[in-house]
Amino acid sequence: MPVAATVRYEPADPYAISIGFRTGADEVVEWTFARQLLSDGVRRPAGDGDVQVWPAAQSGGRIVCLSLSSPSGHALFEMPRSEVLAFLRRTYSAVPLGGESDIIDLDAELALLIWGGPER
């Protein structure tokens with residue numbers, strides 16, 4: 001059955017993409033995972049655990065399958081490959097592959113995690 005979804009990419013968080021699935025009139029379930037996982041899954045099976053992506057074919061053409069698992073359930077989605085590729089091209093136009101670290105200072109982020117950030 002068709003499910004309305006919104007796929008987002010924010011250059012401020014260059015490693016991640018988010019997909020919001022409308023589950024009811026006002027309910028949206030959002031999943032965030034690695035952009036690279038989606039990119040890899042277009043060409044070959046990718047992911048372990050809660051998020052898995054792989055290419056497939058159906059009578060109407062090529063699709064990308066997205067499997068999501070959580071303690072509350074499991075869902076399998078099929079997305080047109082051409083639309084996934086167009087979305088990924090836009091993300092790589094915004095932040096090229098390998099350019100993510102130009103936006104995020106990983107050393108500073110790690111220091112925040114380890115030391116808890118600046119004192120107030």
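See the structure printed just above.
Not measured: the values here are computed from a predicted model.

Novice: I'd like to hear about the overall build of the protein chain, residue by residue, with values.
Specialist: Scanning the protein chain from terminus to terminus reveals 4 helices and 6 strands. Tracing the protein chain from N to C terminus, the helices and strands come up as β-β-β-α-β-β-β-α-α-α. Along the first, second and third principal axes, the C-alpha atoms of the protein chain reach 55 × 30 × 25 Å. A burial count over the protein chain gives 31% of its 120 residues as buried. Of the roughly 8,100 Å² of accessible surface on the protein chain, 54% is carried by carbon and sulfur atoms.

Novice: Run through the packing of aromatic side chains, naming residues and quoting values.
Specialist: This structure, assessed with the given rule, holds 1 aromatic pair. Look at Phe21 and Phe77: their rings are 4.1 Å apart centre to centre, the planes differ by 10°, and that puts the pair in the stacked class. You can see Phe21 sitting in strand β2 (residues 16–22) and its partner Phe77 sitting in strand β6 (residues 73–80), a full 56 residues away along the chain. Residue Phe21 shares its accessibility class with Phe77, and that shared class is buried.

So, how was this worked out
- Residues numbered from 1 in each chain as written.
- Predicted model: local features only at pLDDT ≥ 70, side-chain atom pairs only at ≥ 80, totals over all residues.
- Heavy atoms only, no water.
- Helix = DSSP H or I, 4+ residues; strand = E, 2+ residues; numbered from the N terminus.
- Buried < 20%, exposed > 50% of the residue type's maximum accessible area, 1.4 Å probe, protein only.
- Areas by Shrake-Rupley, 256 points an atom, 1.4 Å probe, with all protein chains shown as cover.
- Phe/Tyr/Trp six-rings, centres within 6.5 Å; stacked < 30°, edge-to-face > 60°.

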